[in-house]
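One letter stands for each residue in the lines below.
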Protein chains: 2
Amino acid sequence: MSQHIVVIGGVALGPKAACRFKRLEPESTVTMIDQTAMISYGGCGIPYYVSGDVSDASELCTTSFHMVRDPKFFKEVKGVDVRILTKATRIDRENKCVEVENVQTGEKETISYDKLVIATGASPRRLGLPGEDLKGVNYVANPGDATRIREAISKGEVGNAVIIGAGFIGLEMAEAFADMWGVETSVVEIMDQIMPRLVSPTLATMGRKHMEENGVSFYFGETVKAIEGEDGVVKRVITSERVLDADAVIISAGVVPNSDIAKEAGLAVHERGGVYVDEFMRTNDPDIYAGGDCCIVPNLVTGKDAFLPLGSMANRQGRIIGSNLAGGSAKFDGVVGSFVVKLFETSMAGTGLSLDSAKAAGFDAMSVLLIQLDRAHFYPTKQLMTLEMVVDKPTRRVLGVQGFGSSGDAMVGRINAVAAILKSSPTIDDVSNMELAYSPPFAAAMDILNSLANLADNALAGINRGVGPAGFKELWDNRDKDACFFLDCREKGDADPFVERNPEFWHNVPQGEIYDRLDEIPEDRPIVLVCNTGARSYEAQIMLDAKGYKDVTNIHGGMAALKKYGIDL
Amino acid sequence: MSQHIVVIGGVALGPKAACRFKRLEPESTVTMIDQTAMISYGGCGIPYYVSGDVSDASELCTTSFHMVRDPKFFKEVKGVDVRILTKATRIDRENKCVEVENVQTGEKETISYDKLVIATGASPRRLGLPGEDLKGVNYVANPGDATRIREAISKGEVGNAVIIGAGFIGLEMAEAFADMWGVETSVVEIMDQIMPRLVSPTLATMGRKHMEENGVSFYFGETVKAIEGEDGVVKRVITSERVLDADAVIISAGVVPNSDIAKEAGLAVHERGGVYVDEFMRTNDPDIYAGGDCCIVPNLVTGKDAFLPLGSMANRQGRIIGSNLAGGSAKFDGVVGSFVVKLFETSMAGTGLSLDSAKAAGFDAMSVLLIQLDRAHFYPTKQLMTLEMVVDKPTRRVLGVQGFGSSGDAMVGRINAVAAILKSSPTIDDVSNMELAYSPPFAAAMDILNSLANLADNALAGINRGVGPAGFKELWDNRDKDACFFLDCREKGDADPFVERNPEFWHNVPQGEIYDRLDEIPEDRPIVLVCNTGARSYEAQIMLDAKGYKDVTNIHGGMAALKKYGIDL
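About the cut-offs
- Residues numbered from 1 in each chain as written.
- Chains lettered and ligands numbered in written order.
- Predicted model: local features only at pLDDT ≥ 70, side-chain atom pairs only at ≥ 80, totals over all residues.
- Heavy atoms only, no water.
- Helix = DSSP H or I, 4+ residues; strand = E, 2+ residues; numbered from the N terminus.
- Rg over C-alpha atoms; globule rule 2.2 N^0.38 Å.
- Contact = heavy atoms within 4.5 Å.
- Areas by Shrake-Rupley, 256 points an atom, 1.4 Å probe, with all protein chains shown as cover.
- Lys, Arg positive; Asp, Glu negative; His and termini not counted.
- Charge placed at Lys NZ, Arg CZ, Asp CG, Glu CD.
- Buried < 20%, exposed > 50% of the residue type's maximum accessible area, 1.4 Å probe, protein only.
- Arc of directions from axis to C-beta.
- 1 Å grid on protein atoms, 1.4 Å probe; cavity = no way out; pocket = protein on both sides within 12 Å on 5 of 7 lines; lining within 4 Å.
- Points joined across faces, edges and corners; volume = space filled by probe spheres on them.
- Nonpolar A, V, L, I, M, F, W, Y, C, P; charged D, E, K, R; others polar.
- Pairing = 2+ DSSP bridges.
- UniProt positions renumbered as here; feature names shortened; annotations may be inferred.
- Phe/Tyr/Trp six-rings, centres within 6.5 Å; stacked < 30°, edge-to-face > 60°.
- Least-squares fit on C-alpha atoms with pLDDT ≥ 70 in both.
- Axes fitted to C-alpha atoms, helices over the stretch in contact; angles between N-to-C directions.
- Buried area = accessible area lost by both parts, 1.4 Å probe.
- Salt bridge = Lys/Arg side-chain N within 4 Å of Asp/Glu carboxyl O.
- Polar contact = N/O pair within 3.5 Å; in protein donor to acceptor, adjacent residues only side chain to side chain.
- Core = buried A, V, L, I, M, F, W, Y, C linked by side-chain atoms within 4.5 Å.
- Disulfide = S-S within 2.5 Å.

A. A look at the overall build of chain A. Of regular secondary structure, chain A possesses 17 helices and 31 strands. Expected size for 569 residues packed as a compact globule is a radius of gyration near 25 Å; at 27 Å, chain A falls within 12% of this value. Reported as C-alpha extents along the three principal axes, the dimensions of chain A are approximately 90 × 55 × 45 Å. Pairs at least 24 apart in sequence give 64% of the contacts found in chain A among residues at least 6 apart. Looking at chain A as shown, the accessible area adds up to about 21,100 Å², and 47% of this sits on carbon and sulfur atoms. In chain A, 58 positive and 78 negative side-chain charges are present, and the distance between their average locations comes to 3 Å.

Given below as structure tokens:
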């Protein structure tokens, strides 16, 4: 039985659902409408076009075999009818049709459907600021934005850029401006860190430091009050604290789901926007599906509603909708929240909940920080990777893992391995025993992910009691009044420069000599143990515990983490 | 309650178990004995020392903080007593003691234990060949072997090397000889492919081809009859088919578990060697644990016994034994069989079962091959990755995934994500929906792993019916008699050179033009569809199916896979 499908929206989920459906039911017809003339583009690639990594904007709109994904392509190659510059104005569920309007001519029309797909995506959040419409103020939403921004840069019109918002897109755009074009780039963020809620303040600080070293300036905890221009062209950004010159402004303050048309049709929509769908990606009208950036999906870690606008979600959900339109029963059970962002020579990635998000979701959570080599310590391409694991204390459940490091693929691989099991409520032991592929060029015999779980295990057992670089900073900043005894338990040669620079506070007893030199370690003062990464200081902590020391703190991540965090001793 | 633990074997699992235990019970004592003077070394690093990637053999015996892991280190840093050159000759379970012998003096002694750990490892399989003891014939078992081999090479004594066995170690050693030192290197393998049983013949061919391009010769299906020398020094290897000159011979024909001492003590041992342990890594004597290369563990995919000697296993099992010695109840449930091996600029990795292994284990299995970019097609560092998924047809269960590609970390990451879920009997749908971290520099919007599962789904549904490069070769080799119609459905410019070279057999109709040019495609001949990677030809297959064509085969992996496989058209 042949049917007619209408898809509203032609960027990511829409085309995927349409094409999948047509492959399963070649005899049926699909009409995909989009209010713009740009369809099926890789919006996630915009920062890489602006940076010059991608040389031609058309690459964002082509297939991997270099065909332009335009209406002709969809018709000939995919068998899908596309109508561009056609805006859906109303869904008439009773009569099963969509009212549309030609955005150029204003001509109205009604298109009937047997089943409908809402793939309206999301729009950049507008801040309602004075000056938001000045020339040079851009969002990062479509190839048009990309072309405008790159054209201005390449003409030499941009000496200073201000990015509003330190989330994924903001950071990617900051890199694009600063790296390839040497533009003076500032990021203004209302929260006090990059990637708020997604990673811990510690990881965020490491990422921020690396970006600062590459020429990006950050202003945290500041709100933008206005954008000012001259002759209609942006000139500066006024924040709560300062004035920043700006020839280009990027507003990357998140996106909001385009779900008004669904709401007006009486479909179930979240109070802050976003269409509700069931596990088959169906709305509360069984003939209407929705997916991608305009939807709300369950977060499988918290069990709560999630809004996770990502091109990868749209593609996977699109396939599911395509299958179900053709009578299938494919399921999308929800999201765990995996992400990665490249930050110059490093990257930040994660899955599941950060410590802050876990606490906000009501978990009795803790986290541990591990810094370790990503492959055999004797293998020449080894790099340090920093991972943080978030754990629910009462149940030992792993709630999330986030990381920062310079071998992006290697780190993403670890994050993905955790992402793969996260919806099954894994415990620390599942990660401790995870069987990752081993060979010295790719992993250590005890992989960093296994070690991370082991650290969490030891921390929960109370035998490895420590704090990360943020905790160290607090202890060190108060070294005058807290009377802490900072004990560097590395070998003498490693510790000596630090002892020389801080003779009053910094002490050295190599871990292997602790039992012979116990008299140098005061029993009546808090001991703070430091080594290269936190591994030897953990052994030292056990030795001191065994000798009855009562207040011993291990610095997780050791000197390596302190350095990445920006603490100079 | 303080206890005394004896550990037999000081390489990988032994030290890990000993140290973990001591951290949990600092008041107890551990005696670790080893019959050699070399303990706690990274045997997996030997090929990289031979190649020169690792400059100093001592790096294989040091910690990541450059301390030599010798008996003094274990005593001072770990609190573990080590007795080297001490061979355990008998376990007296009744009296709970180990009889030992000093291998230099012959002095005998008895060491009592409260609990015992058998960590005797495995030994290289000897082939019983004439000439196996000639100078220049080496196994790859310990740093002594490594030093001997590299010394001979660096002195210029090795012009020709023959490797016996094309498993992990054989291939790693072949690379070491050929890459850094330009030695004429041959690999002799009794089976007909590299990495037999671990990867499909197709992936194996891709890996072999890459190694051949880097100067390694392979002789498959040949057995070694003898090794010959002059004046006690190796000169040549005699196989069933040829004589190979050899100044160095590496025997890498697998390893056998060192479980005789356990068997003699009446512990449960596999008929072909290997100590049986329960999920707590305990033998059938509750006071005796065993782990690492001397053990048999359950394969969680097949449910059968497995022998998987890997340094990573030893480390994880060692920690579990250490925990349980201290009263814990940590579990090791089994293995899924994850691996990776670097082959010059590429690598081969996998987890779970290959198609052959799956069939041998009784599954009604099939596999699909996908070649796709490992990140966004517009991102400059993109590379092709080839993945194969093995599926149990009746249940849709994923039994394994193997891969070959040049971005090692990226591929290992995908393999690890599957490895992470493999013991939970995942279905195709679990991988299709797997939420991998997405950003253009690290993944495509539809990740290659999701696509791989989608391909398996479409193959099982019968809508994507195809064969890989091996199947294509058969069809192409019989092009004269089978009357197949080879239809290249890429754009004209891509297909033209092939049509010109094979005008009689190679035809071109771009996929988007198929419906307009149906008359060019015969209905009464088998159609073989080819495109770049198998994606467009899948669309073409659907189009032809819809028009009633009865015998259409899609070439999975397309021209990209044919090229990697070594088929020149």
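Let us keep going from here.
B. Quick look at helix H13 (residues 469-477) of chain A. Those residues of H13 of chain A lying buried are Pro469, Phe472, Leu475 and Trp476 of chain A. The buried residues of H13 of chain A occupy an angular sector of 115 degrees when the element is viewed end-on, so they sit on one face.

C. Empty space enclosed by the protein, seen in detail. Residues and elements named next belong to chain B. Here the structure, examined in full by the defined rule, presents seven cavities of 30 Å³ or more. Around the largest cavity, the lining residues are Pro47, Tyr48, Ser51, Asp53, Glu172, Glu175, Ala176, Asp179 and Lys342. Listed by contribution, the elements that provide at least two residues to the lining of the largest cavity are helix H2 (46-51) and helix H5 (168-181). In terms of residues, the lining of the largest cavity owes the most to one element, H5, which gives four residues. Residue composition of the lining of the largest cavity, by class: three nonpolar, one polar and five charged.

D. Representation of the pairing of strand S23 (residues 346-352) of chain A. Residues and elements named next belong to chain A. The buried count for S23 comes to seven of seven residues, which makes it a mostly enclosed element. Two strands pair when backbone bridges link them, and strand S22 (residues 339-343) and S23 are joined in this way by five bridges, in the antiparallel orientation. Bridging from a neighbouring strand, Val341 pairs with Met348 of S23. As judged from the six bridges shared by S23 and strand S26 (residues 397-405), these two strands associate in the antiparallel manner. Across the sheet, the residue bridging to Met348 is Phe404, located in S26.

E. Inspection of the UniProt feature "domain: Rhodanese" (unreviewed entry) in chain A at higher detail. Those places that UniProt annotates as "domain: Rhodanese" (unreviewed entry) correspond, in this numbering, to residues 507-567 of chain A. Along residues 507-567 of chain A, the helical share is 33% and the strand share 16%, with 18 Å between the first and last C-alpha atoms.

F. Local environment of the packing of aromatic side chains. All names here are of chain B. All chains considered together, the criterion is met by 24 aromatic pairs over all chains. Ring geometry for Trp476 and Phe505: centres 6.2 Å apart, planes at 75 degrees, overall edge-to-face. Taken as a pair, Trp476 in helix H13 (residues 469-477) and Phe505 in the loop between helix H15 (492-501) and strand S29 (506-508) lie far apart in primary sequence, 29 residues in all. Here Phe505 falls in the buried class, since its relative accessible area comes to 14%. With centroids separated by 6.1 Å and ring planes inclined at 40 degrees, the aromatic side chains of Phe498 and Trp506 adopt a geometry described as tilted. Like Trp506, Phe498 is buried.

G. Molecular detail of the relation of the copies chain A and chain B. Laying chain A over chain B is done by rotating through 180 degrees and shifting 0.0 Å along the axis; what remains is an RMSD of 0.0 Å. Look at the turn and shift together and you get a two-fold axis relating the two. Of the interface residues in chain A, 100% have counterparts in chain B that sit at the interface too, so the contact is made through matching surfaces.

H. Focus on the sheet that holds strand S13 (residues 224-230) of chain B. Residue and element names in this part refer to chain B. Across the sheet, three strands lie side by side as S13-S14-S15; this open sheet has antiparallel pairing. Here the strands that pair on one side only, and so sit at the sheet edges, are S13 and strand S15 (243-245). Going across the sheet, the axis of each strand differs from the next one's by a mean of 25 degrees, ignoring polarity. Bridging between S13 and strand S14 (residues 233-239) involves six bridges; their strand directions are antiparallel. Bridge pairing in S14 places Val224 opposite Thr239.

I. Up close: the interface of chain A and chain B. Counting residues at the interface gives 88 residues for chain A, matched by 88 residues for chain B. Across the chain A to chain B interface the summed buried area is about 7,100 Å²; carbon plus sulfur atoms make up 59%. By the criterion of area lost to chain B, the three top residues of chain A are Phe378, Glu435 and Phe442 of chain A, representing 11% of everything that side buries. Between chain A and chain B we count ten salt bridges in total. Taken together, the links from chain A to chain B amount to 34 residue pairs in polar contact (both at pLDDT 80 or more). Of all the secondary structure elements, the ones that give two or more residues to the side of chain A that touches chain B are helix H1 (13-24), helix H3 (71-78), helix H8 (311-325), S22, helix H10 (408-422), helix H11 (428-432), helix H12 (448-460) and helix H16 (535-546) of chain A.

J. Structural detail: the nonpolar core. Among the nonpolar cores identified, the biggest contains 86 residues, and Leu387, Met389 and Leu449 of chain A together with Leu387, Met389 and Leu449 of chain B are the most heavily contacted of them. Counting residues per element, this core draws most heavily on helix H10 (residues 408-422) of chain B, which supplies ten residues. Other than its neighbours up to four places away in sequence, Met389 of chain B contacts Met366, Ser367, Val368, Val398, Gly400, Val401, Val431, Leu452, Ala453 and Ala456 of chain B.

K. Spotlight on the environment of Gly292 of chain B. Residues and elements named next belong to chain B. Turning to its location among the elements, Gly292 is positioned in the loop between strand S19 (288-290) and strand S20 (295-298). Under the relative-accessibility criterion, Gly292 is labelled buried at 10%. With 210 residues separating them in the primary sequence, Gly292 and Asn502 have C-alpha atoms 55 Å apart. With residues near it in sequence (within four places) discarded, Gly292 still touches Leu13, Ala314 and Gln317.

L. Spotlight on the state of the cysteines. For the structure shown, the criterion picks out zero disulfides over all chains. Not part of a disulfide, Cys44 of chain A finds its nearest cysteine sulfur in Cys61 of chain A, a span of 12 Å.

M. View of the environment of Val82 of chain B. Residue and element names in this part refer to chain B. Mapped onto the elements, Val82 comes out in strand S3 (residues 81-83). By relative accessible area, Val82 is classed as buried at 16%. Sequence separation between Val82 and Lys155 is 73 residues, and the spatial gap between their C-alpha atoms is 35 Å. What Val82 contacts, discounting residues up to four positions off in sequence, is Met32, Ile39, Pro71 and Phe74.

N. Focus on the pattern of salt bridges. Under the defined criterion, the tally for this structure stands at 70 salt bridges over all chains. Salt-bridge contacts for Arg148 of chain B lead to Asp145 of chain B; the nearest nitrogen and oxygen are separated by 2.5 Å. Of this pair, Arg148 of chain B and Asp145 of chain B both sit in helix H4 (residues 143-154), three residues apart, roughly one helical turn. Taking the relative accessible area as the measure of exposure, Arg148 of chain B reaches 47% and is therefore partly exposed. Owing to a relative accessible area of 7%, Asp145 of chain B belongs among the buried residues under this scheme. The salt bridge involving Glu228 of chain B is made with Arg236 of chain B; its shortest N-O contact spans 3.1 Å. By relative accessible area, Arg236 of chain B is classed as partly exposed at 21%. Several salt bridges converge on common partners, so that one network encompasses Arg20 and Arg319 of chain A together with Arg396, Asp429 and Asp457 of chain B.

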